[in-house]
Amino acid sequence: MLGAAETLADGPAALPEILAGIVDDVDHALREPLEIFPVCHHSPASALAMLRRLREKQPKVVYLELCEDLQPLLTELRNCRLPVALQAFASELDGFAKESAPLSVIAPITEASAEYQAISYALETPGVELVLVDRSTDHVFQWQPDVSAAAGTPEPEDDLHGDAVGVEIGDLRPRFAELEEHLLHHGRVRHWSEWWDQYVEQPLAGADHETYRQVMVLIGSLFRRLAPYDTRRFASDEDRERYMWTRIREHLATSGADPADCLYICGAFHAASRVAEAGSDPATPDFEITPRTGTTWLYGLIPSSHSAIESQFGLAPGSVSIAAATWQKQLTALRLTPFRLEGQKGTGRKSKKALPAPVTTSTAVTDHLSGYLAGPPALDGLDEEELRGWCVDIVRLARRNGYLASTADAIAVFETSVLLAGMRGRVRPTPYDFQDAAVTCIEKETVPGRRDVRRLCEILLGGDRIGQVGYDALPPLARDVYDRLAPLGLNLEQRSIQRALLDLAARPELGACSQLLWMLRHLLPDQAVRPIMGSRRLGEKHIQESWDLDLGRHQRAVIELGYEGVTVEQVLEQRLRRDAWDPKATAADALKAVENSLLFLESPRLTEELGVRAIELLSAERTVDEAPDVLRRIRRLLAYYRATTPELPGWSRRFVTEGYAHYCTLLPTSFVDEETGVRQVGAMLGFLFSMESLALSLGCDRAQLEIAVRQSHPESPAKIALLWAALHQLGSLPLADLRARVGDLLGNPLVVPSFPQYVSGFVQALEPVPRLAPFVVETLSEAFGRLPDPVLLPWLPNLIATLKQHAAELVPVLTREAGRTFPGTLAGLDSWTPPWKTPARSRPAAGRSGSDHVTRSGPAVAAAGLLAAHRPAADAVAALLGCAGEWAPIDAGPGAARPGGEIAAAALLTEYPETTRAVAGLIGG
């Protein structure tokens, strides 16, 4: 103590003042007429002392430090397997920052805890009233210094508590790191849980009631007096004490209960409170309790586990499991029967033995503390049988998990445990000594399996017990999920992965289960419901599906869905609305919500609302970052509507017209904006060109697109290539001119280093102008054939990355075109000539069959005369082929007979049947 005072305070002179204050705090707490019972959270010693005191005193009223609005949940503990957690949940906030939603508070309950013994006693004993007196869950967040930080902590994947704020009874831990480090160093332990077990739990396990109370208040007073007073947490703790005493006095006044028949259970830190509002005297001033906010809180039970409690409250791994094992051991040693709720899962039958008559004790305070602290500790000798059993079992577990352990290792663990206990000043090895010894003697350089030796020790000493909420305690939505999935014939409460096989053709009634599973897949974490065979996309319908279901281990997620609605469909509809009307939502997000509404919900009204919202978001966007996603989704939706409905819905038609005008407006600036990528500009052009026919039929003007393209003056090579592709699509840049421009680029030494960027632009142009695929294949071939290696090799990774990123859209088009262009065999490759390098086919020397009177130049002249005689038809075919031009004068040449033009044209068409059939098929002839 002198060393601690010198290290942590102003010197040894501060020690008398601290000790005098602690003694005064103990005397003040024990003289209170309303008996204060100090506890520590999940402490077996506190649970044992509570069990003995409840059987002796048999109080009529039990005041418990727990959020007062959680009281209706306590009776539901009968339907659960401990450990579970009481939870208050709010997703729609009124009075708190909207961005901090959802807010969640949990209070875990284990069997080896004093609060569970008090709850069981009060609920199972007639005439006993249980009153929760701590601040409400609404006040928990009112008093939080930063609600958004408290509610937004990361959620581990396997944490059953998620990101909820934990509420515990008795946070007995030093409030600053220097004191905790001092205690750990002088106690020769590694972490706080081991210190508490060594110096508090074990000595107090068999202590009498008065000694237990005085020691616990002493510890609470010590930590309280050494805690920083100028922190928000200390002020909040004092407000909690004022709150609880005010509620206690209110209940005493209204119920008329005698304080001598009551018991106040609180943390030892609060038991040593000296605030002015503390005490049961009616003359004590009350604390002004602020009203709750307008937030609506929902309440329920969620599964918990030992590891989740350790993670929530910063305890050492395995400490709660060791506490549970210590609780069971002490019950057996002291021959005590704990209080248990009738029908509690996972526990034995409740003892029907009547409680003995209450023991009357004197109200005078007797000094048990001085003798307890001055005397030597009660020596509990080495239990060789227990330690030997641990050593044998850990070797067996290690061998099952791949370790090469033997009997010699068991002997070594035994001797090392005894040695470590002696080095640390302990009479007998603790579970923590045994853990360290097992790791020292058995652990190798690598872990052969999934579990290391320390984890195996935790399993041996109690394991990570996981609770479960019973069916009757579940919210309506969770019960509805279990009922609707009952036809699958699986035990969904089982904590293991189960395979569900759905033959929808043989058993059509399983279609409802399939629909529910797909909705749960959308709402729950990925591993809770996972499809193995089957998918859900627009226009698809499967006859067989296979699922891996792990709802037992994700029960918390299913329960929290019940806080959002009564049915899964209602929750899904709310989620879709929330996503679409989120302040950060984009048009692509709204289109995703539209698609999900079609997949999971048959609600045309909802789909129409979401579609209208997508139009609003698209019109308000000033960037085109989401253009690729918008294009992909609206194409898929339009294809679905065309295949399933007689006409397109109104919102989709409006979306096309609004999108056409919107992207035409943004196109010139996007071409020159350096922050806008080539992919985004290509997606804009893809929207404009692919939706052009529909947009024009709905009243849009094509001149708007032509003007937008002409106003675009990009500077980067990739965007220049995109612009050329757009001009070609509009008919302003023939393919021959485009090929000439590319040839000029390859022939210019100054441009050759940047030519790969032009090629990348042409690759992206496959999205808006897919008919350029042959030209893109030609350009890629020319690039690979003519670019020097210093230019080509650095560009290849970028090209591969581009194709990989957009494999679904670009690669199939290129692959099909390359398959049509290149020979299919290696033998054909040697004699293959690229089609773009093949010279034009020479004309025939003479006519055939009925056209002998036509000279060498006759067929061409006759064909020209035929076209000139029918200019409207020729102009229409030329426009369809994209070949604009002017009429030239016809030179018949010597010997050409104009009346035989039709015969010569027939001979010309017969000479080239492939061209004839292609043109006939194009014009529908």
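### Observations regarding the sheet that holds strand E1 (residues 35–39)
Backbone-to-backbone hydrogen bonds pair the strands of a sheet. The strands run either parallel or antiparallel. Read from one edge to the other, the open sheet built from four strands follows the order E1-E8-E2-E6, with strand pairing classed as parallel. In this open sheet, the two edge strands, each paired with only one partner strand, are E1 and strand E6 (129–134). Each strand axis lies, on average, 30° off the axis of its neighbour in the sheet, ignoring direction. Sheet topology note: the strand E2 (residues 61–67)/strand E8 (residues 262–267) ladder contains four bridges and is parallel. When the sheet's bridge partners are listed, tyrosine 63 is paired in E8 with tyrosine 264. Against the sheet, helix H10 (residues 232–255) touches E1, E2, E6 and E8, its axis set at about 145° to E6.

### Points about the side chain of glutamate 68
Counting through the fold element by element, glutamate 68 comes out in the loop between E2 and strand E3 (80–81). Among the polar contacts made by the side chain of glutamate 68, one reaches the side chain of arginine 247 at a distance of 3.1 Å. Apart from residues lying up to four places away in sequence, glutamate 68 is in contact with Leu132, Asp134, Arg135, Ser136, Tyr243, Arg247 and Arg292.

### With respect to unusual backbone geometry
With an omega of 5°, the peptide bond running from leucine 82 to proline 83 counts as cis. Residue placement: proline 83 occurs in the loop between E3 and strand E4 (84–90). Its identity as a non-glycine residue notwithstanding, glutamine 58 has a phi of 50°, on the positive side. Structurally, the position occupied by glutamine 58 is in the loop between helix H3 (44–57) and E2.

### Structural notes on the nonpolar core
One finds Tyr63, Leu86, Tyr264, Leu485 and Phe655 to be the most contacted residues of the largest nonpolar core, which totals 226 residues. Dropping the residues within four chain positions of it, tyrosine 63 is found in contact with Leu34, Val131, Val133, Ile248, His251, Leu252, Cys262, Leu263, Tyr264 and Ile265. If you look at the next biggest cluster of nonpolar residues, it comprises 23 residues, including Ala405, Val413, Ala438 and Cys457.

### A look at the pairing of E1
Remark: a regular strand shows side chains that alternate across the two faces of the sheet. Of all five residues in E1, five are buried, a share of seventy percent or more. With burial as the criterion, each face of E1 is covered, one bearing Glu35, Phe37 and Val39 and the other bearing Ile36 and Pro38. By the bridge criterion, five bridges tie E1 to E8 in an arrangement that is parallel. What sits directly across from valine 39, in E8, is glycine 267.

Rules used in this analysis
- Residues numbered from 1 in each chain as written.
- Predicted model: local features only at pLDDT ≥ 70, side-chain atom pairs only at ≥ 80, totals over all residues.
- Heavy atoms only, no water.
- Pairing = 2+ DSSP bridges.
- Helix = DSSP H or I, 4+ residues; strand = E, 2+ residues; numbered from the N terminus.
- Axes fitted to C-alpha atoms, helices over the stretch in contact; angles between N-to-C directions.
- Contact = heavy atoms within 4.5 Å.
- Polar contact = N/O pair within 3.5 Å; in protein donor to acceptor, adjacent residues only side chain to side chain.
- Core = buried A, V, L, I, M, F, W, Y, C linked by side-chain atoms within 4.5 Å.
- Buried < 20%, exposed > 50% of the residue type's maximum accessible area, 1.4 Å probe, protein only.

In short, shape yes, function no, at least from these values alone.
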